[in-house]
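Notes for the structure review
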Amino acid sequence: MLVATWNINGVKARLETLLAWLDERRPDVACLQEIKSVDEAFPGAEIEKLGYHIETHGQKGFNGVALLSRSAPLAGSVLRGLPGDPADEQSRFIEALFAVPGSETPIRVACLYLPNGNPLGTEKFPYKLGWMDRLEKHAALRLAEETPCIFAGDYNVIPEPEDARNPADWLGDALFQPESRAAYRRLINLGYTDALRATTEQAGVYTFWDYQAGAWPRNNGIRIDHLLLSPEAASNLRSVAIDKHVRGWEKPSDHVPVIAEIA
DNA sequence: ATGCCGTCCATTGGACGA
């Protein structure tokens with residue numbers, strides 16, 4: 001079973017790229033972030049033609065997440081919005097249960113777009129940390145269920161210096177603040193496995209290259225898109241891939257897809 | 001470098017992102 005995460009930076013602007021990638025990779029579940037679309041405007045017809053079911057949690061102009069899946073979520077299992085703050089208007093979280101081919105146990109897939117948090121010194125950074133606190137509580141709740149679960153998405157956190165080509169450039173950035181990194185470690189310390197780091201200790205593995213300043217041709221990247229696996233999912237982890245070549249396509253997103261194969 | 005690039009929304013320029 002292939003579970004993917006990809007910040008596509010605008011689903012309407014990225015539709016052809018998304019279709020090409022879905023056709024090439026055929027993930028069972030794809031978590032999309034920054035769809036930048038309301039639910040009604042999500043360009044679903046061509047995606048459905050490729051055999052995908054679509055669940056969205058959209059928002060006008062920015063943010064927005066979606067779950068694409070080869071089979072529909074189990075009835076009543078879709079949750080929109082991260083629990084813990086009814087006043088939070090931003091669409092950054094959607095999760096659902098999916099049947100696993102050849103298994104009696106379904107898997108829960110949560111798709112998240114964690115707040116960026118920049119610039120420091122504004123209300124954006126405490127919003128990020130508060131969101132991470134809520135995520136930790138929800139992840140702990142899911143962990144206690146002792147069932148296969150994946151929290152996949154754009155975490156907007158560079159976990160370690162080796163996850164950036166030039167870590168010194170990020171010292172003043174919300175993505176690499178000690179508080180952001182500590183909150184990410186708390187998720188890991190609950191008992192979740194960073195899928196990529198379960199498969200390699202290599203530095204220089206990135207998922208994002210800025211559009212600016214020649215970041216892509218210079219390979220000035222960072223690793224901020226992660227799949228965190230519950231023990232029940234991590235036990236069946238086969239491999240992790242980063243579809244880096246997609247960054248070289250026409251009109252690319254600044255992020256590339258990350259895919260975990262779970263047995 | 002309060003810069004660079006890109007998307008969206010609104011109307012040629014601002015908000016937002018990382």
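For clarity, every value in this text was computed on a predicted model and none was experimentally measured. (Residues numbered from 1 in each chain as written. Chains lettered and ligands numbered in written order. Predicted model: local features only at pLDDT ≥ 70, side-chain atom pairs only at ≥ 80, totals over all residues. Heavy atoms only, no water.)

1. Brief notes about the packing of helix H3 (residues 124-144) against helix H4 (residues 178-190)
- Axis separation between H3 and H4 bottoms out at 10 Å; the angle between their running directions is 0 degrees. Considering their axes alone, H3 and H4 lie roughly parallel with respect to each other. Taken together, the residues of H4 that come into contact with H3 (itself represented by Phe125, Lys128, Leu129, Met132, Asp133, Leu135, Glu136, Ala139, Ala140 and Leu143) are Glu179, Ser180, Ala183, Tyr184, Arg186, Leu187 and Leu190.
- For the contact of H3 with H4, the per-class residue count stands at 11 nonpolar, one polar and five charged. (Axes fitted to C-alpha atoms, helices over the stretch in contact; angles between N-to-C directions. Helix = DSSP H or I, 4+ residues; strand = E, 2+ residues; numbered from the N terminus. Parallel < 35°, antiparallel > 145°, perpendicular 65-115°, else oblique. Contact = heavy atoms within 4.5 Å. Nonpolar A, V, L, I, M, F, W, Y, C, P; charged D, E, K, R; others polar.)

2. Notes on the sheet that holds strand E12 (residues 225-229)
- With mixed pairing, the six strands of this open sheet are ordered in space as E5-E6-E7-E8-E12-E9. Strands with a single pairing partner mark the edges of an open sheet, and in this sheet they are strand E5 (79-80) and strand E9 (193-194).
- Where E5 lies against strand E6 (residues 93-98), two bridges are found, and the strand directions are antiparallel. Bridge assignment links Leu79 to a residue of E6, and that residue is Glu95.
- The strands touched by H4 within the sheet are E9 and E12, with E12 carrying the most contacts at an inclination of about 25 degrees. (Pairing = 2+ DSSP bridges.)

3. A closer look at the pairing of E12
- The buried fraction of E12 is high, at five of five residues.
- Here E12 shows a buried face lined by Asp225, Leu227 and Leu229 and a second buried face lined by His226 and Leu228.
- As judged from the five bridges shared by strand E8 (residues 149-154) and E12, these two strands associate in the antiparallel manner. Along E12, the bridge assignment pairs Gly153 with His226.
- The pairing of E9 with E12 spans two bridges and is antiparallel. Of the residues in E12, the one forming a bridge with Thr193 is Leu229. (Buried < 20%, exposed > 50% of the residue type's maximum accessible area, 1.4 Å probe, protein only.)

4. Some remarks on the UniProt feature "binding site: Mg(2+)" (unreviewed entry) in chain A
- Here the UniProt feature "binding site: Mg(2+)" (unreviewed entry) sits at Asn7, Glu34, Asp154, Asn156, Asp254 and His255. Spanning 249 residues, the named residues form one tight spatial group whose C-alpha atoms are at most 12.9 Å apart.
- Within the secondary structure layout, Asn7 lies in strand E1 (residues 2-7).
- If sequence neighbours within four positions are ignored, Asn7 has contacts with Gln33, Glu34, Tyr113, Asp154, Asp225, Ser253 and His255.
- Only 2.9 Å separates the side chain of Asn7 from the side chain of Asp154, close enough to count as a polar contact.
- Position of Glu34 among the secondary structure elements: in the loop between strand E2 (29-33) and helix H2 (45-49).
- In contact with Glu34, not counting residues within four places along its chain, are Asn7, Ile8, Asn9, Gly10, Val11, Asn63, Gly64 and Tyr113. (UniProt positions renumbered as here; feature names shortened; annotations may be inferred. Polar contact = N/O pair within 3.5 Å; in protein donor to acceptor, adjacent residues only side chain to side chain.)

5. What to know about H4
- Taking 1.5 Å of rise per residue, the 13 residues of H4 would be expected to cover 18 Å, and the 18 Å separating its terminal C-alpha atoms lies within 8% of that figure.
- Listed in full, the buried residues belonging to H4 are Ser180, Arg181, Ala183, Tyr184 and Leu187. Taken end-on, H4 shows its buried residues confined to a sector of 160 degrees, consistent with a single buried face. For H4, the exposed residues set more than 90 degrees away from the buried face come down to Pro178 and Asn189.
- Looking at the buried residues of H4, the elements they touch are H3, E9 and E12.
- At the C-terminal side of H4, Gly191 shows a positive phi close to 135 degrees. (Expected span 1.5 Å × (residues − 1). Arc of directions from axis to C-beta.)

6. Description of the pattern of salt bridges
- Enumeration according to the criterion identifies 15 salt bridges in this entry.
- For Asp88, the salt bridge goes to Arg134, with nearest N and O atoms at 2.9 Å. Taken together, the residues Asp88 in the loop between E5 and E6 and Arg134 in helix H3 connect sequence positions 46 residues apart. For the pair Asp88 and Arg134, a shared accessibility class is recorded, and that class is buried.
- In this structure, Arg223 and Asp163 form a salt bridge, with 2.8 Å as the shortest nitrogen-oxygen distance. Separated by 60 residues along the polypeptide, Arg223 in the loop between strand E11 (221-222) and E12 and Asp163 in the loop between E8 and H4 bring together distant segments of the chain. For the pair formed by Arg223 and Asp163, the shared burial category is buried.
- Each of Glu95, Arg108, Arg142 and Glu145 takes part in salt bridges that share partners, so that together they form one network. (Salt bridge = Lys/Arg side-chain N within 4 Å of Asp/Glu carboxyl O.)

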